[in-house]
Amino acid sequence: MDRLIDKALLQWKNKNDRKPLVLYGARQVGKTHSIMEFGLKHYASVAYFYFDNNPELCELFENGVSSIKSLTAKLEAYANETIHPEKTLIVFDEAQTCGAALNSLKLYQETAPEYHIIAVGSLLGVALNRKGYSFPVGKVDELCMYPLTFEEFLMEFNPKLIPLVRECYNNNTPIGTGLHNQALELFLQYMVIGGMPEVIMEYRKTSNYTMVRAKQLLICNNYILDMNKYTDTKTQAIRNEAAYNTLPSQLAKENRKFQYARIKSGARANDYELSLNWLEKASLIIKCNKVSEGKEPLANYEDFLSFKVYMNDIGLYCAKSNNSYLSVLGRTMGDTAKGALTENYVAQQLYANGVKFYYWESNSRAELDFVIQVENNIIPIEVKSWEAVRSQSLEVFCKKYSIKNAIRVSARNFGYENRIKSVPLYAVWCIT
């Protein structure tokens, strides 16, 4: 399965000032598989070390690392293979379970930059946020990996569409009706399947949506098990799980602003702020803060107390909210449910592209799904679950802030009219 992160990994390998790489990402997004495939393709050998529940390996680091030379000798003996500078990729998997191994990255960077090393873990962000952890700040390169975007989904199911979609997006020219309908059908499939590699492989193998749903729910359950394993107290683990389980209901209402009272009657921010922080560090959620003004720089108008929360993968959201695949594929869902599903999808695509986004509302009478800043231009993004209709909120925002260009995401074909760029639902990955 080809992934876009392969390009970023190759750029890292070829950097003149390359540092040890730390790769973040939620469990089961394909981190280890991608790294191993990359290593086998671009190196003479891969030295793989798995730290979870491996006290003997951790002991090599916890007893103290006097030099990279002595550490390398120990690792070679442990793995029974030779580690060659420049030619061997060293992989520390589930590195969050061994703080001393993470700390050794500083020594690699300072004294032995000729070694190529990647530390990866499903809950690195969580571990580094816990007490007792130190991190080699400034001594490592960092990357984050996400579930497959729709572009990567197309790479699996119809790669020939990708350059056509990109060209039509750039030129604002409609794609052929047949190709447009074909891409929309693939988009609807993606809404059900999502971007988890194991789920996609299950669909490729069986074409069975029931089996797909079973895989997705298993992943969600494993996330909950992680909350118990990597949380300092039982009380906090319970709160993490409660916050995670409430995500579908948070989005399934007309006003999708996150409300703590939806978790538990009388709940306050103080009770669950740590839980949301944990979920965000574990890459399980995507937060979208409100901006009070549509002026640049948007960050100056960010309201950290008002926000929406999306799930990291649209397929997991579809499963956890118990949306029937028949309703999604047949577009027979209710308007609120369709809107929530589509909004989560757009957030996932923008987030994976590294686009910082917000939402905007004016006295609760007008609301825009997303607002982004590209250089010194503010660009509002209106999201429609299928056919586009005239939106008062978009008009209000554009008029109030003298917006030059806006984006409307819907099932309509590519185009540009009245300063509004029409982007089909299957082309959100083009927005950067």
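Structure: above.
Model, not experiment: these values are computed from the prediction.

### Brief notes about the packing of helix H7 (residues 150-157) against helix H10 (residues 197-206)
Between H7 and H10, the least distance of the axes is 12 Å, while the angle of their chain directions is 30 degrees. On the basis of the axis angle, H7 is roughly parallel to H10. Read as a crossing pair, H7 and H10 show a hand that is right-handed. Contacts from Phe153, Glu156 and Phe157 of H7 reach H10 at Ile200, Tyr203 and Arg204.

### So, the nonpolar core
Phe150, Tyr244, Phe370 and Tyr426 are the most contacted members of the largest nonpolar core, which has 103 residues in total. Contact partners of Phe150, with chain neighbours within four places excluded, come to Ala183, Leu186, Phe187, Tyr190, Tyr345, Gln349, Tyr426 and Trp429. Grouped together as the second largest cluster of nonpolar side chains are 27 residues, Ala47, Leu75, Ile90 and Cys98 included.

### With respect to the state of the cysteines
This model, assessed by the stated rule, comprises zero disulfides. Cysteine Cys220 is unpaired, with the sulfur of Cys318 as its nearest cysteine sulfur at 11 Å. Note on Cys220: relative accessible area 2%, which makes it buried.

### A few points about the packing of aromatic side chains
Two aromatic rings, taken as a pair, are described by how far apart their centres are and by the angle between their planes. Evaluated as defined, the whole model comprises 27 aromatic pairs. Measuring from centroid to centroid gives 5.1 Å for Phe153 and Tyr190, while their planes differ by 65 degrees, and the two rings are edge-to-face. Residue Phe153 is located in helix H7, and its partner Tyr190 is located in helix H9 (residues 177-193); the two are separated by 37 residues in the primary sequence. Through a chain of ring-to-ring contacts, three or more aromatic side chains come together here, namely Phe150, Phe153, Phe157, Phe187, Tyr190, Tyr203, Tyr209, Tyr325 and Tyr345. Note that Lys13 overlies the ring of Tyr43, its terminal NZ or CZ placed 5.0 Å from the centroid.

### Considerations on the pattern of salt bridges
Summed over the entire model, instances satisfying the criterion amount to 18 salt bridges. Of the charged contacts in the structure, one is a salt bridge between Asp52 and Lys229, with a shortest N-O distance of 3.2 Å. With a gap of 177 residues between them, Asp52 in the loop between strand E2 (45-50) and helix H3 (55-62) and Lys229 in helix H11 (residues 209-229) connect regions that are remote in the sequence. Owing to a relative accessible area of 14%, Asp52 belongs among the buried residues under this scheme. Given a relative accessible area of 42%, Lys229 falls into the partly exposed group. A salt bridge links Lys384 to Glu382, with the shortest nitrogen-to-oxygen separation between them at 3.9 Å. Using a relative accessible area of 3% as the deciding quantity, one classes Glu382 as buried. Bridged by salt links that share partners, the residues Arg256, Lys308, Glu343 and Glu367 form one connected network.

### Digging into helix H1 (residues 5-13)
Owing to its 3.6 residues per turn, the α-helix brings residues three or four apart onto one side. All of the buried residues in H1 are Ile5, Leu9, Trp12 and Lys13. Axial view of H1: buried residues confined to an arc of 100 degrees, hence all on one face. Exposed side of H1, more than 90 degrees from the buried face: Lys7 and Gln11 are the residues found there. Considering only its buried residues, H1 is in contact with strand E1 (21-24), helix H2 (31-42), strand E3 (88-93), strand E4 (116-120), strand E5 (141-144) and H7.

### Section: H2
Taking 1.5 Å per residue as the helical rise, H2 with its twelve residues ought to reach 16 Å, and the 16 Å between its terminal C-alpha atoms agrees with that figure. Looking at H2, one finds that the buried residues are Lys31, Ser34, Ile35, Phe38 and Gly39. Down the axis of H2, the sector holding all buried residues measures 130 degrees, keeping them to one side. Among the exposed residues of H2, those pointing more than 90 degrees away from its buried face are Leu40 and Lys41. Lining the buried residues of H2 we find H1, E1, E2, E3 and E4.

### Focus on the sheet that holds strand E6 (residues 285-291)
Pairing is mixed across the open sheet formed by eight strands, whose spatial order is E7-E6-E8-E9-E10-E11-E13-E12. Among the strands making up the open sheet, the edge pair consists of strand E7 (302-311) and strand E12 (415-417). In this sheet, neighbouring strand axes are inclined to one another by 35 degrees on average, regardless of whether the strands run parallel or antiparallel. Of the strand pairs in this sheet, E6 and E7 are connected by seven bridges, and their pairing is antiparallel. Looking at the pairing, Lys287 lines up with Val309 of E7.

Definitions and limits used
- Residues numbered from 1 in each chain as written.
- Predicted model: local features only at pLDDT ≥ 70, side-chain atom pairs only at ≥ 80, totals over all residues.
- Heavy atoms only, no water.
- Axes fitted to C-alpha atoms, helices over the stretch in contact; angles between N-to-C directions.
- Helix = DSSP H or I, 4+ residues; strand = E, 2+ residues; numbered from the N terminus.
- Parallel < 35°, antiparallel > 145°, perpendicular 65-115°, else oblique.
- Left-handed = near helix turned anticlockwise from the far one by under 90°.
- Contact = heavy atoms within 4.5 Å.
- Core = buried A, V, L, I, M, F, W, Y, C linked by side-chain atoms within 4.5 Å.
- Buried < 20%, exposed > 50% of the residue type's maximum accessible area, 1.4 Å probe, protein only.
- Disulfide = S-S within 2.5 Å.
- Phe/Tyr/Trp six-rings, centres within 6.5 Å; stacked < 30°, edge-to-face > 60°.
- Lys NZ or Arg CZ within 6 Å of the ring centre and 35° of its normal.
- Salt bridge = Lys/Arg side-chain N within 4 Å of Asp/Glu carboxyl O.
- Arc of directions from axis to C-beta.
- Expected span 1.5 Å × (residues − 1).
- Pairing = 2+ DSSP bridges.

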